[in-house]
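Structure at a glance
So you can see what is in the structure, the chains are spelled out below.
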Amino acid sequence: MKDRIAHIIRAKNLTAAEFALRLGIQPSNISHLLSGRNNPSLDFVKKLKETFPEYSLEWIIFGRGPITVSEPFPSITPIEPVPSDSAIPQNKEETAIEETLFDQPKEEEPQFEMPSPSRSATLKQIILVYSDNTFEQVTPR
């Protein structure tokens, strides 16, 4: 967030002291924010948005989306339209083909066999990977 604050200061051609004056805060607060010593408070973010309403709150806080509120959001790919009545199969043959295409059995997740360690090898570490892509490392004692 400190980089986005610095961006606003540069974009407005202000010094840190002038920026602080506009927000109604101490210049030392800006110095601490820009150096990374302190994180911005909710009060600071509110003052920043009130003073510079053209900047997007989403961008100020998270660094996502357009920088200013006047910029359009990135284009979104539309989803496929819902088929009209004419696209719905009218006879049994079309229905049977559709059922064959879309009722395919789901592929099962691959099953893995545990490798058998050589007799001289000792267990060093186990990594458990969960379906939500989180993992846990287990080290034997």
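Above this text sits the structure in question.
Keep in mind that this is a model prediction, so the values were computed, not measured.

Before going further, it helps to spend a moment on the pattern of salt bridges. The final tally for this structure, using the stated rule, is 3 salt bridges. Of the charged contacts in the structure, one is a salt bridge between K12 and E54, with a shortest N-O distance of 2.5 Å. Linking K12 in the loop between α1 (2-11) and α2 (16-23) with E54 in the loop between α4 (42-51) and α5 (57-62), this pair joins segments that are 42 residues apart in sequence. Of the charged contacts in the structure, one is a salt bridge between K47 and D43, with a shortest N-O distance of 3.6 Å. Of this pair, K47 and D43 are both found in helix α4, 4 residues apart, which corresponds to roughly one turn of the helix. Since its relative accessible area comes to 24%, K47 is described here as partly exposed.

Geometrically, a packed helix pair is captured by the angle between its two axes and the distance between the axes. Close contact between α2 and α4 brings their axes to 9 Å; oriented N to C, the two are set at 90 degrees. When the axes of α2 and α4 are compared, the pair comes out roughly perpendicular. Of the residues in α4, those touching α2 at F19, R22 and L23 are F44, K47, L48 and T51. Of the residues in the contact of α2 with α4, the class split is 4 nonpolar, 1 polar and 2 charged.

It is worth spelling out the pairing of strand β2 (residues 135-138) at this point. Here strand β1 (residues 126-129) pairs with β2 via 4 bridges, running antiparallel. Looking at β2, one finds that I126 is bridged to V138. From the end of β1 to the start of β2, which pair antiparallel, there are 5 residues, and N133 there has a positive phi angle of about 65 degrees.

In this section: the packing of aromatic side chains. Scanning all chains against the criterion turns up 3 aromatic pairs. With 5.7 Å between their ring centres and 10 degrees between their planes, F19 and F52 make a pair best called stacked. On the criterion of sequence distance, the pair formed by F19 in helix α2 and F52 in the loop between α4 and α5 is long-range, its members being 33 residues apart. Residues F19 and F52 agree in their burial class; the two are buried. An aromatic cluster is present here, built from F19, F52, Y55 and W59 joined pairwise through their rings. Stacked on the ring of F62, the Lys or Arg R64 has its end atom at 4.5 Å from the ring centre.

Looking now at unusual backbone geometry. Despite not being glycine, N13 has its phi angle at roughly 55 degrees, a positive value. Secondary-structure assignment places N13 in the loop between α1 and α2.

Judged by nonpolar contacts, the single largest core of 17 residues is most densely connected at I8, F19, L23, I30, F44, L48 and F52. Taken together, the elements giving at least two residues each to this core come down to α1, α2, α3 (27-35), α4 and α5. Leave out the neighbours within four places in its chain, and I8 touches F19, L48, F52, Y55, W59 and I60.

Inspection of the secondary structure puts S56 in the loop between α4 and α5. Take S56: its relative accessible area is 9%, and that puts it in the buried class. With residues up to four places along the chain from it excluded, the contact list for S56 reads K49, P66, I67, T68 and V69.

What counts, and at which threshold
Throughout, residues of each chain are indexed from 1 in the direction in which the sequence is written. In keeping with the model being predicted, local features are shown solely for residues with a pLDDT of at least 70 and side-chain atom pairs are shown and tallied solely at 80 or more, while totals for entire chains, interfaces and linings include all residues. Water and hydrogen atoms play no part in the side-chain values, which are based on all heavy atoms of the structure. When a carboxyl oxygen of Asp or Glu is within 4 Å of a side-chain nitrogen of Lys or Arg, the pair counts as a salt bridge. Each helix is a run of H or I in the DSSP string that is no shorter than four residues. Each strand is a run of E no shorter than two, and both are numbered from the N terminus. A simple rule labels every residue: compare its accessible area, found with a 1.4 Å probe on the protein chains alone, to the largest value its type can have, and call it buried under 20%, exposed over 50%, or partly exposed in between. Axes, fitted as lines to C-alpha atoms, cover a helix only where it is in contact. Angles between the N-to-C directions of the axes lie from 0 to 180 degrees. Throughout this description, any angle smaller than 35 degrees is read as roughly parallel, any larger than 145 degrees as roughly antiparallel, any in the 65 to 115 degree range as roughly perpendicular, and the remainder as oblique. In this analysis, two residues are considered to be in contact whenever any of their non-hydrogen atoms come within 4.5 Å of each other. Think of it as three bins: nonpolar holds Ala, Val, Leu, Ile, Met, Phe, Trp, Tyr, Cys and Pro, charged holds Asp, Glu, Lys and Arg, and polar takes everything else, Gly as well. At least two DSSP bridges between two strands are required for those strands to pair. Classification of ring pairs uses Phe, Tyr and Trp, with its six-membered ring standing for Trp, and accepts pairs whose centres are within 6.5 Å; under 30 degrees between planes counts as stacked, over 60 as edge-to-face, and the remaining range as tilted. Counting as a charge over the ring demands two things of the Lys NZ or Arg CZ atom: a distance within 6 Å of the ring centre and an angle within 35 degrees of the ring normal. Only buried residues count toward a nonpolar core. Its members are Ala, Val, Leu, Ile, Met, Phe, Trp, Tyr and Cys residues joined through side-chain atoms within 4.5 Å.

Spatial relationships are all this shows, so hold off on functional conclusions.
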